[in-house]
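# Report on the structure
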Amino acid sequence: MLALLAIQLEKPVIRQRNHQNNILKDFKEGFTYAYELLPIRSILLLIALFSFMGMPYLRIMPVFAVEILHGDSSTLGYLTGASGLGALCGGIYLSYRKTARGLEKIIAIAPAIFGIALITFSLSKSFWFSLITFPVIGCSYILEYSSSNAVLQTISDDEKRGLIMSLYNMSVMVIIPFGNLFIGGLVSITDVKTALIFGALCCVTGSIMFYKQLPKIESLLHQIYIKQEIILE
């Protein structure tokens, strides 16, 4: 709340709300807007894949801690703490950036780093080696989510920003439970290592697909940033 109170707007804009707007119509317009703009569409799809295939790792960590690393609740606590430390470092790094310019590269690379670190962890039988990989996992996922959030809010039109952030939150909060269900079912069919590696490989694949579109995405973002006077033409 203190951070929100500290925000100073140079020119507060008061918009007239149309109370006759239909919620379904607004969502349809939001989906259409997100689909037609390549950077927004690509980021939302990557975030949805990341949430569905990558983030369920948190739900199967207790199995790793006990069955693979032969530990207990304290083992899980150390791993979770190491992930939180990495996330803190990623957040501090992003806090020093003044604009969203260049974050698209982080969005492209972070899922690949996350996936590689997760695969490395899944193949490890050493607690200390696993502990080293977890800050990388935590840092990469906070970079992915926060960078995507920043870019989406920056490039969205003012009247569409709320709808785009709704789609972003759906791609995170709504998708993760379904991902937990899917990965949990995969664990019951195969084993915990196979399920974790499969999810990590999907994240790496998504990262590669996004990276292939990066030149076109950067070109479109460059035009938007010029229009918003974030960079000079």
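Before any of the text, the structure's been laid out above.
Residues numbered from 1 in each chain as written. Predicted model: local features only at pLDDT ≥ 70, side-chain atom pairs only at ≥ 80, totals over all residues. Heavy atoms only, no water.

Those residues of helix 4 (residues 61–68) that fall on the buried side of the exposure criterion are M61, F64, A65 and I68. All buried residues of helix 4 lie within an arc of 120 degrees about the axis, which places them on one face of the element. Each element contacted by the buried residues of helix 4 is listed here: helix 5 (73–95), helix 6 (103–123), helix 7 (127–155) and helix 9 (192–212). One or two steps after helix 4, the chain reaches H70, where phi turns positive at roughly 55 degrees. (Buried < 20%, exposed > 50% of the residue type's maximum accessible area, 1.4 Å probe, protein only. Helix = DSSP H or I, 4+ residues; strand = E, 2+ residues; numbered from the N terminus. Arc of directions from axis to C-beta. Contact = heavy atoms within 4.5 Å.)

Next up on the list: the state of the cysteines. In protein chemistry, a disulfide is the covalent bond that joins the sulfur atoms of two cysteines. Enumeration over the complete set of coordinates arrives at zero disulfides. The structure places no disulfide on C89, whose sulfur is separated from the nearest cysteine sulfur, that of C139, by 6.6 Å. The thiol of C202 is not disulfide-bonded; the next cysteine sulfur, from C203, is found 7.0 Å away. (Disulfide = S-S within 2.5 Å.)

Turning our eyes to something else, we now look at the packing of aromatic side chains. Taken as a whole and assessed by the stated rule, the structure comprises nine aromatic pairs. Seen from their ring centres, F127 and W128 are 5.2 Å apart, and the 65 degrees between their planes marks the pair as edge-to-face. Ring-pair connections join several aromatic residues into one group, and the members of that group are F50, Y57, F64, F114, F121, F134 and Y145. The ring of Y35 is capped by R41, whose NZ or CZ atom sits 5.0 Å from the centre of that ring. Positioned over the ring face of Y33 is K160, at 5.8 Å from the centre of the ring. (Phe/Tyr/Trp six-rings, centres within 6.5 Å; stacked < 30°, edge-to-face > 60°. Lys NZ or Arg CZ within 6 Å of the ring centre and 35° of its normal.)

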